[in-house]
Amino acid sequence: MPKMKTKRGAAKRFKATGSGKIQRAQAFTSHILTKKSTKRKRNLRKSCLVDATNVAAIKRMVPYM
């Protein structure tokens, strides 16, 4: 059976932690930043974990994660 192809867009957006959970960057950081407070923008820089309802779909897109 041939190797499965990775969805490259998903591979660039997600990475696995040491314990196997999936990390993602937060949204709302690309534009319209003047009205957002400094504290809000600073907190949006932090990564967070993917919700459990989406993990199976992401593992399908990135099979060798």
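The text that follows walks through the structure, step by step, so that each part is easy to find. Because the structure is predicted, anything quoted here is derived from the model rather than measured.

### Some thoughts on the overall build of the chain
- Counting secondary structure elements, the chain contains 3 helices and 3 strands.
- Helices and strands appear in the chain in the N-to-C order α-β-β-α-β-α.
- Its C-alpha atoms give the chain a radius of gyration of 15 Å, more than 25% over the compact-globule value 11 Å for 65 residues.
- The dimensions of the chain, computed from C-alpha atoms along their principal axes, are 50 × 25 × 20 Å.
- Of all 65 residues assigned to the chain, the portion counted as buried reaches 14%.
- Expressed as a percentage of contacts within the chain between residues at least 6 apart in sequence, the contacts between residues at least 24 apart total 62%.
- Carbon and sulfur atoms make up 55% of the accessible area of the chain, which totals about 5,700 Å².

### Concerning the side chain of Lys36
- In this fold, Lys36 is placed in the loop between strand E2 (22-24) and helix H2 (38-44).
- With residues up to four places along the chain from it excluded, the contact list for Lys36 reads Phe28, His31 and Lys41.

The rules behind the values
Residues numbered from 1 in each chain as written. Predicted model: local features only at pLDDT ≥ 70, side-chain atom pairs only at ≥ 80, totals over all residues. Heavy atoms only, no water. Helix = DSSP H or I, 4+ residues; strand = E, 2+ residues; numbered from the N terminus. Rg over C-alpha atoms; globule rule 2.2 N^0.38 Å. Buried < 20%, exposed > 50% of the residue type's maximum accessible area, 1.4 Å probe, protein only. Contact = heavy atoms within 4.5 Å. Areas by Shrake-Rupley, 256 points an atom, 1.4 Å probe, with all protein chains shown as cover.

Bear in mind that shape data such as this cannot, by itself, settle questions of function.
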